[in-house]
2 protein chains.
Amino acid sequence: MSRVTSHISISLDGFVAGPEQSLDNPLGIGGLRLHEWAFATEAWQRRHGTAAGEASVDSDVIAATLRNVGAYVMGRGMFGGGPGPWDDSWRGWWGEDPPYHVPVFVLTHHEREPLQMQGDTTFHFVTGGDEEAERRARDAAGDGDVHVIGGAKAIQQFLAAGLLDELQLHVAPVLLGSGERLLVNCGDPTLEPTDVVASPRVTHITYRVVR
Amino acid sequence: MSRVTSHISISLDGFVAGPEQSLDNPLGIGGLRLHEWAFATEAWQRRHGTAAGEASVDSDVIAATLRNVGAYVMGRGMFGGGPGPWDDSWRGWWGEDPPYHVPVFVLTHHEREPLQMQGDTTFHFVTGGDEEAERRARDAAGDGDVHVIGGAKAIQQFLAAGLLDELQLHVAPVLLGSGERLLVNCGDPTLEPTDVVASPRVTHITYRVVR
């Protein structure tokens, strides 16, 4: 059956981005360090069109997160928006052939017609909140899973609303000291660790969210 | 060779105690939830004189932390002190036969003669800071390990000063929302995950602190 999942890299001290995030540096100071383990993998490099990267347990973890995805949900910031009013000519910062290839539901307060891109990615703009996004994404995903890919606020909303079935944290052995936290404003969900994969670079912990 | 290690239960959102800690409730609201995995184990129950508890990977993890300990280091709060001035007649809150059975070095600003308890536990009061505590504990431990058992501030000091060889986190699948954080004021140590043990109750991650 279709599940609603989320997979995100997080520092050992709980941050998914460093301080001083900006349009030029959306991960904030030090935020790239959270993703170094991923950059080193074959699966990530292949996804981004290069042949570099290592086969590894970390690579297998990434490959698994890309399997059987029927739809994505993302926040407006991740679609790509500046601080100013939203311009309908803006096509996101993923380029004309975004790396999704399935429907993507963007949480926003701004109504807008769906935006069809190359490679089977269509952005749908959802103004009815997380529940509407979950319902429409599940419908679109069919037997596939729905991935809530971020940012932090979108994942928090889904956790707090009880809409997430599974949360996988890629815990990087890094202390950022400050920045954007993931696990705030999430309520008190019942979490059950169901799978752990370890490498020298990162620890992947999968939690089932008990509904 | 003797190592300086620390082992501590932590919530998934980074707290080692809940909010509103007090002498009556040193773990704060919800703080007991961090330790439920431990209470369920045979090793913990045996250590505390009961025959209950399950044999499990969690129990093995606890048993390993109790093996080969030559000395402990603890903060003054963990020795047991009230908010008022310290009275030398006060013998800590561990009873006359504390569960340590080796020398224990207490970080404090208050000079005091060593306090010999039953069962080979002697409390030594160290006023020269973390480096003096580390040196004296290593000397006392011989070939054994030195455990920095807490509280959070003692572990932070040791991490920040580069005095810790290994940090094991028992990550409980619990969000406390607020309370006392562990991984603040620790500097930016280089951490390398060296061992991960998983159970349905908790995830044990051991980090080598690269010196």
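Scroll up a little and you will see the structure.
Because the structure is a prediction, the values reported are computed rather than measured. Sequence positions are assigned chain by chain, starting from 1 and proceeding in written order. Lettering for chains starts from A, numbering for ligands starts from 1, and both go in the order in which the items are written. This being a predicted model, a pLDDT of at least 70 is required before a residue's local features are given, and a value of 80 or more before pairs of side-chain atoms are given or counted; all residues contribute to the totals for chains, interfaces and linings. Heavy atoms throughout the structure, all of them, feed into the side-chain values; hydrogens and water do not.

## What to know about the nonpolar core
To define a nonpolar core, start from buried Ala, Val, Leu, Ile, Met, Phe, Trp, Tyr and Cys residues and group those joined through side-chain atoms within 4.5 Å. Throughout, exposure labels follow a simple rule: accessible area from a 1.4 Å probe, protein chains only, divided by the maximum for the residue type, with under 20% read as buried, over 50% as exposed, and the rest as partly exposed. The biggest cluster of nonpolar side chains holds 66 residues, and the ones touching the most others in it are Leu169(A) and Leu169(B). The contact rule is simple, with two residues in contact once any of their heavy atoms fall within 4.5 Å. Leave out the neighbours within four places in its chain, and Leu169(B) touches Leu12(A), Ile8(B), Ile10(B), Leu182(B), Leu183(B), Thr203(B), His204(B), Ile205(B) and Tyr207(B).

## Quick notes on the relation of the copies chain A and chain B
When the copies are overlaid, the least-squares fit takes in C-alpha atoms only where the residue has pLDDT of at least 70 in both copies. Its rotation angle being 180°, the transformation that places chain A on chain B also includes 0.0 Å of axial translation and leaves an RMSD of 0.0 Å. The transformation relating the two chain copies, once decomposed into turn and shift, fits a two-fold axis. The C-alpha atom lying nearest the rotation axis in chain A is that of Gly14(A); the distance is 3.4 Å. A shared binding surface is used by both copies, with 100% of the interface residues of chain A retained as interface residues in chain B.

## Some points on the pattern of salt bridges
Each salt bridge in this description consists of a side-chain nitrogen of Lys or Arg and a carboxyl oxygen of Asp or Glu lying within 4 Å of one another. According to the stated counting rule, one finds 20 salt bridges over all chains in the structure shown. For the salt bridge of Arg201(A) with Glu54(A), the shortest nitrogen-to-oxygen distance reads 3.6 Å. Placement of the pair is Arg201(A) in the loop between strand S10 (190-198) and strand S11 (203-210) and Glu54(A) in the loop between helix H2 (42-47) and helix H3 (57-66), with a sequence separation of 147 residues. Of the charged contacts in the structure, one is a salt bridge between Arg3(B) and Glu166(B), with a shortest N-O distance of 2.6 Å. With Arg3(B) in the segment before strand S1 (4-11) and Glu166(B) in strand S8 (residues 166-172), the pair connects residues that are 163 residues apart, well separated along the chain. Judged by its relative accessible area of 16%, Glu166(B) is buried. Secondary structure elements are taken from DSSP: a helix is a run of H or I of four residues or more, a strand is a run of E of two residues or more, and numbering for both begins at the N terminus.

## A short note on the interface of chain A and chain B
Tallying the contact residues gives 25 residues for chain A and 25 residues for chain B. Overall, the association of chain A and chain B removes approximately 2,000 Å² of surface from exposure, summing both partners, and the carbon and sulfur fraction of that is 64%. In this structure, the connection of chain A to chain B is made through two salt bridges. Side-chain atoms alone can form a polar contact between residues adjacent in sequence; in general such a contact is a pair of N or O atoms within 3.5 Å, and within protein one must be able to donate a hydrogen while the other accepts it. Across the contact surface, chain A and chain B share two residue pairs in polar contact (both at pLDDT 80 or more). Those elements giving two or more residues to the side of chain A that touches chain B turn out to be strand S8 (166-172), S10 and S11 of chain A. Buried area adds together the accessible area that both of two parts lose upon being put together, with accessible area traced by a 1.4 Å probe.

## Here we look at the sheet that holds strand S6 (residues 122-126) of chain A
Residue and element names in this part refer to chain A. When DSSP finds two or more bridges between two strands, those strands count as paired. The strand order S5-S6-S4-S3-S7-S1-S8-S11-S10 describes an open sheet built from nine strands, whose pairing is mixed. Strands at the two margins of the open sheet, each flanked by one partner only, are strand S5 (115-116) and S10. Note that S8 and S11 share six bridges and pair antiparallel. By the bridge assignment for S11, Glu166 is matched with Arg208. Here the axes come from fitting lines to C-alpha atoms, over the contacting stretch only for helices, and the angles between their N-to-C directions go from 0 to 180 degrees. The strands that helix H5 (residues 129-141) touches are strand S1 (4-11), strand S3 (69-75), strand S4 (103-107), S6 and strand S7 (145-150); relative to S4, the one it contacts most, it runs at about 180°. Packing of helix H6 (residues 152-160) onto the sheet brings it into contact with S1, S3, S4, S7, S8 and S11, and relative to S7 it is tilted by some 130°.

## Concerning the sheet that holds S8(B)
Residues and elements named next belong to chain B. Read across the open sheet, the nine strands follow the order S5-S6-S4-S3-S7-S1-S8-S11-S10; overall the sheet is mixed. Of all strands in the sheet, those with a lone pairing partner are strand S5 (115-116) and strand S10 (190-198), marking the two edges. The sheet strands contacting helix H5 (residues 129-141) are S1, strand S3 (69-75), strand S4 (103-107), strand S6 (122-126) and strand S7 (145-150), and the helix crosses S4 at an angle near 180°.

## Some thoughts on H5(B)
All names here are of chain B. Taking 1.5 Å of rise per residue, 13 residues should cover 18 Å, and H5 covers 18 Å from first to last C-alpha, within 8% of that figure. Taken together, the buried positions of H5 are Asp130, Ala133, Glu134, Ala137, Arg138 and Ala141. The arc that holds the buried residues of H5, viewed along the axis, is 125°, so those residues lie on one side. Set apart from the buried face of H5 by more than 90 degrees, the exposed residues are Glu131 and Asp139. Contacts made by the buried residues of H5 are with S1, S3, S4, S6, S7 and helix H6 (152-160). Trailing H5 by a residue or two, Gly142 shows a phi angle of about 60°, which is positive. Each helix should span, by expectation, one fewer than its residue count multiplied by 1.5 Å. Throughout, the arc means that of the directions going from the helix axis to the C-beta atoms.

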